[in-house]
Amino acid sequence: HRGAAACASIGYTLAMYRLSDVFTRYAVGEAIAMAILPMFIWALWEVVYGDQRRWAALSLTAAGIALCHVISTMLCALLAVLFGLIHIRGIVKEKRILPILKAAGLCALLVAFQYVPFLTYASEGIGAADLAWHLIYNTIEPAQLLTLGRGTIVKPKNLRLLSFSAGLDLWLIIGAGLALVAILRGRRRDENERKALTFIAGGVFFAVASTDFFPWSYVALIDHGLMDYMQFTWRLLMLAVVLLALAAGYGVARFFEEKPEHGVLLTLCLASALALPTLTTETQSDLYLRYGETYNPYMYGTEYTMEGTNFAYTRDKNPHVERGEIDLTAYAKRGTQIEMQVEAQTDGVISVPLFGYDGYRAQADGQELETGLDENKRLTVVVPAGTKGEVKLWYAGKRWWRISDAVSLLTALALIAARIQHRRKAQKA
């Protein structure tokens, strides 16, 4: 229904949580993932419950989210698993396992160019372990779900100053209520009602799960801390918002069935009014206006770094001769590429201002030089005695990563070719 779609789109776009991602938390990756999330839910519903031929759409939307935000990817995987378990009988009975496996396989091929290096470094011990915060200490109070404006998270202590809209929008609550009333009073029992009821149940579940009312302590015993990578349980509001927005759009459309444009106008007015505190107070705050100027340009956290990295030392932008007699006569750095003129009287080691991740290469006059790490995990290059001239360092990655690059590229080209062929057949028909 166009009216339901318009209402859901307006309410979701102006939802306080999504606006907080943009204007308060600067969560760019999560905000972009949220733009794809409704399409992912549509495709997931189709493959599991509707038209299973939509498996390619499910794969594309899942790949889009996976390339935007890792935590959102984890939450979408959780949503997909829960939805699949609920409908496991229908999946088996209607032979939908193969389309699901196709979607998962295609998604893996599309994102291989990013996740193969990602998982490679993870296997080497470089990960986000420092980002895993125990969820029990990062829940919100149930009353905060009813916050009608800008709220402040008061726990834990290190999040005391994190101010954003933690509650559910009034429009979401009203619209979902209208949908529930329409379902209970109606006699249709059609697919739209089933969808709306499913979205309401899912939205309520994830909203409750974002609070300390949910038994997260038992979850921690079962998953051995896996969900701790979500960091904040209020991230589940991302799923609650989109599910309730879809249900609310349906509820408003049913209430204004004869004149759907009235429902759209009411949604626009109410959602805009609720968005004003975020779009005015937040954006006009002097703290936020100066944020880009005062933000520390140096890395201040330990996520995705090697154990033992000295962050104070990373502010040093100069190369240093760690061992041997080496004269540095010129030095230039552009991103992860370094060129320097050296003259080595003895074998020696030079430390350069780069994190020493595996995958760097160094050459002098076309000859490969050995690279390594210093005690602060900065990149080092071993310079043999007698070396005179230019030494080049650059990040080359791993050669076998090019295979994953090629796989993703060929998969994307194959999809485009298949789409073109499909259109040609449709035009001929």
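Just so it is clear, the model here is predicted, and its values are computed rather than measured.

Secondary structure summary: the protein chain contains 16 helices and 11 strands in total. By the burial criterion, 43% of the 429 residues in the protein chain qualify as buried. Look at the contacts in the protein chain between residues 6 or more apart in sequence, and 71% of them connect residues 24 or more apart. For the protein chain, the accessible surface area stands at approximately 23,100 Å², while carbon and sulfur atoms represent 62% of it.

What follows covers the sheet that holds strand β5 (residues 337-344). Spatial ordering of the open sheet is given by β4-β5-β11-β7-β8, a layout of five strands whose pairing is antiparallel. Edge positions in the sheet fall to β4 (326-334) and β8 (367-369), since each has one partner strand and no second. On average, each strand axis in the sheet is inclined to that of its neighbour by 25 degrees, with strand direction left out of account. Pairing analysis gives eight bridges linking β4 to β5, with the strands arranged antiparallel. By the bridge assignment, Y331 is partnered in β5 with M340.

For the pair helix α8 (residues 112-123) and helix α16 (residues 401-428), the least separation of the axes is 7 Å and the interaxial angle reads 150 degrees. In terms of orientation, α8 and α16 fall into the roughly antiparallel class. In this structure, α8 uses A112, F113, V116, P117, T120 and Y121 to contact α16, whose residues at the interface are W401, S404, D405 and S408. The class makeup of the residues in the contact of α8 with α16 is six nonpolar, three polar and one charged.

Read across the sheet, four strands follow the order β3-β6-β10-β9 without closing on themselves; strand pairing throughout is antiparallel. Of all strands in the sheet, those with a lone pairing partner are β3 (320-323) and β9 (371-373), marking the two edges. Taken pair by pair, the neighbouring strands of this sheet meet at an average axis angle of 40 degrees, ignoring direction. Strand direction decides the pairing type here: β3 and strand β6 (residues 348-355), joined by three bridges, are antiparallel. By the bridge assignment, H320 is partnered in β6 with S351.

Another aspect to go through is α16. Over its 28 residues, α16 runs 41 Å from end to end, which matches the ideal 40 Å to within 8%, given 1.5 Å per residue. Where α16 is concerned, the buried positions are W401, S404, S408 and T411. Elements in contact with the buried residues of α16: α7 (97-110), α8 and β11 (388-395).

Let us look at a nonpolar patch on the surface. A surface patch of nonpolar side chains, amounting to about 490 Å² of accessible area, comprises L409, L410, L413, I416 and I420. By secondary structure assignment, the location of I416 is in helix α16.

This next bit is on the confidence of the model for the protein chain. Put simply, the protein chain has an average pLDDT of 86, and 89% of its residues get 70 or more. Ranking the elements of the protein chain by mean pLDDT puts strand β2 (residues 163-164) last, at 42, and helix α4 (residues 55-66) first, at 97.

Pairing geometry for β5 and β11, over six bridges, is antiparallel. Bridging across to β11, E339 finds its partner in K392.

On to the packing of helix α1 (residues 2-13) against helix α12 (residues 237-255), then. Here α1 crosses α12 at 140 degrees, and the two axes come no closer than 7 Å. In terms of their interaxial angle, α1 and α12 are classed as oblique. Of the two elements, α1 crosses α12, and the hand of that crossing is right-handed. Here G3, A4, C7, A8 and Y12 of α1 come into contact with α12, specifically with V241, V242, A245, L246, G249, Y250, V252 and A253. Looking at the contact of α1 with α12, its residues break down into 11 nonpolar, two polar and no charged.

In this section: the nonpolar core. By size, the foremost hydrophobic cluster in this structure holds 68 residues, and its most contacted members are L37 and F40. Taken together, the elements giving at least two residues each to this core come down to α1, α3 (28-48), α4, α5 (70-86), α7, α9 (170-185), α10 (191-209) and α12. Per-element tally for this core: the top contributor is α12, with 13 residues. In this structure F40 touches L58, T61, A62, I65, C76, L79 and A80, once residues within four positions along its chain are discounted. With 17 residues, the next largest nonpolar core counts Y360, A362, L379 and V391 among its residues.

Take the pattern of salt bridges next. Scanning the entire structure with this criterion turns up 11 salt bridges. Across the pair E94 and R96 runs a salt bridge whose closest N-O atoms are separated by 2.8 Å. For E94, a relative accessible area of 43% translates into the label partly exposed. A salt bridge links D358 to K398, with the nearest nitrogen and oxygen atoms 2.2 Å apart. Remark: K398 occurs in the loop between β11 and α16 and D358 occurs in the loop between β6 and β7 (360-364); sequence separation between them is 40 residues. Judged by relative accessible area, which is 37%, D358 ranks as partly exposed. When its relative accessible area of 14% is taken as the criterion, K398 is described as buried.

Calculation rules
- Residues numbered from 1 in each chain as written.
- Predicted model: local features only at pLDDT ≥ 70, side-chain atom pairs only at ≥ 80, totals over all residues.
- Heavy atoms only, no water.
- Helix = DSSP H or I, 4+ residues; strand = E, 2+ residues; numbered from the N terminus.
- Buried < 20%, exposed > 50% of the residue type's maximum accessible area, 1.4 Å probe, protein only.
- Contact = heavy atoms within 4.5 Å.
- Areas by Shrake-Rupley, 256 points an atom, 1.4 Å probe, with all protein chains shown as cover.
- Pairing = 2+ DSSP bridges.
- Axes fitted to C-alpha atoms, helices over the stretch in contact; angles between N-to-C directions.
- Parallel < 35°, antiparallel > 145°, perpendicular 65-115°, else oblique.
- Nonpolar A, V, L, I, M, F, W, Y, C, P; charged D, E, K, R; others polar.
- Expected span 1.5 Å × (residues − 1).
- Patch = residues over 30% accessible without salt bridge, like charges linked within 9 Å, V, L, I, M, F, W, Y side chains within 5 Å.
- Salt bridge = Lys/Arg side-chain N within 4 Å of Asp/Glu carboxyl O.
- pLDDT = per-residue confidence, 0-100.
- Left-handed = near helix turned anticlockwise from the far one by under 90°.
- Core = buried A, V, L, I, M, F, W, Y, C linked by side-chain atoms within 4.5 Å.

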